[in-house]
Amino acid sequence: MDVDTRLLRSFVAVAEEGTLTRAAGRLYVSQPALTKQIRQLEEQLGVRLFTRSRAGMALTEAGRVLAERVPGVLAGWEQAVRETKGAASRAARVLRVGFLASAANEATPGIVAAFAERRPGWRAEMRQASWSNPSAGLADGDVDVALLRLPFPGQDALRVEVLLTEPRWVALASAHPLADRDEIPFRELWDEPFVAAPAETGWWRDHWLATDEREGNPVRVGAVTDQPDDWLTAIANGYGIALAPASAARFYARPGITYRPVAGVGPTRVGVAWAPADDGNPVVQDFVRCCLAGSG
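1. Concerning the packing of helix 5 (residues 108-118) against helix 9 (residues 282-295)
Part 1: Axis separation between helix 5 and helix 9 bottoms out at 9 Å; the angle between their running directions is 135 degrees. Considered as vectors, helix 5 and helix 9 are oriented oblique to each other. In this structure, helix 5 meets helix 9 at a crossing whose hand is right-handed. Residues Ile111, Ala114, Phe115 and Arg118 of helix 5 form the contact with helix 9, whose own contacting residues are Val283, Asp286, Phe287, Arg289, Cys290, Cys291 and Gly294.
Part 2: Residues belonging to the contact of helix 5 with helix 9 are distributed by class as follows: seven nonpolar, one polar and three charged.

Here it is as C-alpha cells:
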C-alpha cells in the first residue's frame, strides 16, 4: 500500500494537537482540507484513527499504534530526502540559499562574494520563497541554508543566528490621511484594514498583523497576498495598510506608497537558519560565518 507522506504528517499533527483547529494552524492548511486528508488516510488504511467529539480528536486504539510508528517513518524519509538533495548540490558545488523578500538586504552581495572567496569553485544559488513558505524551503530540505524574518513557524526545530534587528514601519497609500505624519502610534492603526499573508501561515501572519500588540482589538483584513508585487499593489490601491520592515522603504519604494515609522510595536529581526544535521557541514558553516561577518 502506498501512502502519501503528507497524509501521515497531517495525522501526526492532529494526534499531537488533539484538535483539527490547532493542527490546521500548525500545518498552515485550512481545517476542511485537513479533515479531508484524515478521512482519506482512514479510507486507505480501512480503519478509524480518531474518535471525533466537541472536545476534539481522540486516538482510537488503531490510531495509537500508528501514532507510535509514524514519527520515526517520517523522520527517516525526511532525512533521506535531505541527504539525497544535499548530495546532488554538493556534486554540483552549489549551496542552495533560500530567502524571503526583504530578508536578503544590502549586505547579501557582500556575503555571497565572501562565500565565493572562502569556497573557490562553489556558488551560492539564491532562491526566493513566497510568504506562505516562511522557512524558505529549509524545513522541507529544498535549501541548505536560509535568510529569514524571525520569528517563523518551525523555528525551534532549526538552528538560527540573528543577523540584525530593525523597526517595523507601516506601508500605506500615499493618499491615506495618515501618510503625512512623521510617526504614527500603532493604536491609531488598529481599526484600519490590513493587507495580510495567507491564513495558513498561522503565527507568521499574526506577527505581521501584530495581533499580540493590539490589546485584544480584532484585526480587519482588507486583502490577502503572498508575493511582494501583489502586496504593493493592494496597498497602493487602498485595500489596506501593512506593517513592514523599515528597510522596505528602500527595497520596495514605489509611487503611490508611503512608509512611516510606527510607535508602540516591536521590531523585526533577520536571521540565518540551517538544519541541525548541518552543524558539521563545513560549506553551510562557512556561509553562516560569512553572514555573521557581513552583518557586523
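2. What to know about the environment of asparagine 105
Part 1: Structurally, asparagine 105 can be placed in the loop between strand 3 (94-100) and helix 5.
Part 2: Along the chain, asparagine 105 and arginine 26 lie 79 residues apart, while their C-alpha atoms are 29 Å from each other.
Part 3: Residues within four places of asparagine 105 in sequence aside, it is in contact with Leu164 and Phe251.

3. A look at the nonpolar core
Part 1: Ranked by size, the top nonpolar core spans 67 residues in total, and within it Phe186, Leu189, Trp231 and Phe287 carry the most contacts.
Part 2: Among the elements that take part in this core, helix 9 stands out by supplying six residues, more than any other.
Part 3: Setting aside residues up to four positions removed in sequence, tryptophan 231 forms contacts with Trp131, Ala171, Val195, Thr225, Ala242, Leu243, Ala244 and Tyr259.
Part 4: With 18 residues, the next largest nonpolar core counts Val12, Ala13, Leu20 and Ala23 among its residues.

4. Remarks on helix 7 (residues 228-236)
Part 1: Listed as buried for helix 7 are Pro228, Trp231, Leu232, Ala234 and Ile235. Looking straight down helix 7, one finds its buried side chains confined to an arc of 160 degrees; they lie on one side.
Part 2: Where helix 7 is buried, its residues meet strand 4 (123-129), strand 7 (168-173), strand 9 (193-196), strand 10 (220-224), strand 11 (242-245) and strand 12 (257-263).
Part 3: Residue glycine 238 follows helix 7 closely and has a positive phi angle near 80 degrees.

5. What about the packing of aromatic side chains?
Part 1: Here the structure, examined in full by the defined rule, presents four aromatic pairs.
Part 2: Pairing phenylalanine 11 with phenylalanine 50 gives two aromatic rings, centres 5.5 Å apart and planes at 50 degrees, and the pair type is tilted. Here the residue phenylalanine 11 occupies a position in helix 1 (residues 5-17), and phenylalanine 50 occupies one in strand 1 (residues 50-53), the gap between them amounting to 39 residues.
Part 3: For phenylalanine 11, a relative accessible area of 0% translates into the label buried.
Part 4: When the ring centre of phenylalanine 194 is taken as origin, the NZ or CZ atom of arginine 214, which lies over that ring, is 4.7 Å away.
Part 5: The residue whose ring lies beneath arginine 250 is phenylalanine 251, and the NZ or CZ to ring-centre distance is 5.5 Å.

6. Considerations on the sheet that holds strand 7
Part 1: The mixed open sheet is built from four strands, whose spatial order is 8-12-7-11. Unpaired on one side and paired on the other, strand 8 (184-185) and strand 11 mark the two borders of the sheet.
Part 2: Summarising the sheet, strand 7 and strand 11 pair through four bridges and their orientation is antiparallel. Residue pairing in the sheet places tryptophan 169 in a bridge with alanine 244 of strand 11.

7. Overview of the pairing of strand 9
Part 1: Of the two faces of strand 9, both are covered, the one formed by Pro193 and Val195 as well as the one formed by Phe194 and Ala196.
Part 2: Looking at chain direction, strand 9 and strand 10 are connected through four bridges and run parallel. Paired with alanine 196 across the two strands is valine 224, which belongs to strand 10.
Part 3: For the crossover that starts at strand 9, traverses helix 6 (residues 203-209) and ends in the parallel strand 10, the hand is right-handed.

8. What about the pattern of salt bridges?
Part 1: Under the defined criterion, the tally for this structure stands at 15 salt bridges.
Part 2: With its nearest N and O atoms 3.5 Å apart, the salt bridge here joins arginine 123 to glutamate 125.
Part 3: Accessibility expressed as a relative area gives 46% for arginine 123, which makes it partly exposed.
Part 4: Classification of glutamate 125 as partly exposed rests on a relative accessible area of 23%.
Part 5: Note that arginine 181 and glutamate 188 form a salt bridge whose closest N and O atoms lie 3.1 Å from each other.
Part 6: Taking the relative accessible area as the measure of exposure, arginine 181 reaches 28% and is therefore partly exposed.
Part 7: Salt bridges linked by common partners bring Arg118, Arg119, Asp286 and Arg289 together as one network.

The rules behind the values
Residues numbered from 1 in each chain as written. Predicted model: local features only at pLDDT ≥ 70, side-chain atom pairs only at ≥ 80, totals over all residues. Heavy atoms only, no water. Axes fitted to C-alpha atoms, helices over the stretch in contact; angles between N-to-C directions. Helix = DSSP H or I, 4+ residues; strand = E, 2+ residues; numbered from the N terminus. Parallel < 35°, antiparallel > 145°, perpendicular 65-115°, else oblique. Left-handed = near helix turned anticlockwise from the far one by under 90°. Contact = heavy atoms within 4.5 Å. Nonpolar A, V, L, I, M, F, W, Y, C, P; charged D, E, K, R; others polar. Core = buried A, V, L, I, M, F, W, Y, C linked by side-chain atoms within 4.5 Å. Buried < 20%, exposed > 50% of the residue type's maximum accessible area, 1.4 Å probe, protein only. Arc of directions from axis to C-beta. Phe/Tyr/Trp six-rings, centres within 6.5 Å; stacked < 30°, edge-to-face > 60°. Lys NZ or Arg CZ within 6 Å of the ring centre and 35° of its normal. Pairing = 2+ DSSP bridges. Right-handed = clockwise from strand over helix to strand, strands pointing away. Salt bridge = Lys/Arg side-chain N within 4 Å of Asp/Glu carboxyl O.

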